[in-house]
Amino acid sequence: MLSTTAPAQQPASRPMVIVDEADTMRQEPTPHGAIGLSTAYRISDGVPGRTMEFRKRILHPGSAIGLHRIAHDEVYYVISGTGAVSSGGVTQPVRTGVAAYLFDGETVGIRQTGRDPLVLIIAYPIPR
């Protein structure tokens, strides 16, 4: 006996979005205090319907993202350079290949240390 069933309904899909970081690059003061200059790559800003932020930021020597309270979990991932990340009153050194996972409700920030710029990937969800 041959049985036939209706094909499973596929959920609507959205095509991927490809972003060239060069198209998002701009020089600007650092966020949360304008402590020096940075190169910002606001990679996810042009993605329609996005649910997260994904950014690259280069903190030039002497620059810092100032202390600020976050309302979501957030990750700072160090691509290159050295820095010092603060969260909840504790400061720890970070270097190439290190991720700092920061928790909702904490006061956080990061500063560049050393001779070379601090290159970061920063990712966090957007509240819905």
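This section reports on the structure supplied with the text. (Residues numbered from 1 in each chain as written. Predicted model: local features only at pLDDT ≥ 70, side-chain atom pairs only at ≥ 80, totals over all residues. Heavy atoms only, no water.)

1. A short note on the nonpolar core
In a soluble, globular protein the nonpolar side chains are often hidden away together inside.
At step 1: Residues Ile65, Tyr76, Val85, Leu102, Ile110 and Leu120 are the most contacted members of the largest nonpolar core, which totals 15 residues.
At step 2: Counting only elements with at least two residues in this core, the list comes to strand S5 (74-80), strand S8 (99-102), strand S9 (107-113) and strand S10 (118-125).
At step 3: It is S10 that provides the largest number of residues to this core, a total of four residues.
At step 4: For Tyr76, the contacting residues outside a window of four places in its chain are Ile65, His68, Val85, Val98, Ala99, Ala100, Leu102, Val108, Gly109, Ile110, Ile121 and Ile122. (Core = buried A, V, L, I, M, F, W, Y, C linked by side-chain atoms within 4.5 Å. Buried < 20%, exposed > 50% of the residue type's maximum accessible area, 1.4 Å probe, protein only. Helix = DSSP H or I, 4+ residues; strand = E, 2+ residues; numbered from the N terminus. Contact = heavy atoms within 4.5 Å.)

2. Some details on the sheet that holds strand S1 (residues 25-29)
At step 1: The strand order S1-S2-S3-S10-S5-S8 describes an open sheet built from six strands, whose pairing is antiparallel. Every other strand in the sheet has two partners, leaving S1 and S8 as the edge strands with one partner each. Geometrically, the sheet is characterised by an average inter-axis angle of 25 degrees between neighbouring strands, direction not taken into account.
At step 2: Here five bridges tie S5 to S10, and the two strands are oriented antiparallel to one another. Across the sheet, Ser80 pairs through a bridge with Val119, a residue of S10. (Pairing = 2+ DSSP bridges. Axes fitted to C-alpha atoms, helices over the stretch in contact; angles between N-to-C directions.)

3. Overview of the packing of aromatic side chains
At step 1: A complete count under the given rule lists one aromatic pair for this structure.
At step 2: Centroid distance Tyr101 to Phe103: 5.1 Å. Interplanar angle 55 degrees. Geometry classified as tilted.
At step 3: Given a relative accessible area of 49%, Phe103 falls into the partly exposed group.
At step 4: We note Lys56 situated over the ring of Tyr41; from NZ or CZ to the ring centre the distance is 4.9 Å. (Phe/Tyr/Trp six-rings, centres within 6.5 Å; stacked < 30°, edge-to-face > 60°. Lys NZ or Arg CZ within 6 Å of the ring centre and 35° of its normal.)

4. Quick notes on unusual backbone geometry
At step 1: Of note in the backbone geometry, His32 takes a positive phi value of approximately 60 degrees without being a glycine.
At step 2: Secondary-structure assignment places His32 in the loop between S1 and strand S2 (37-41).
At step 3: Look at Ala34: it is not a glycine, yet its phi comes out positive at around 50 degrees.

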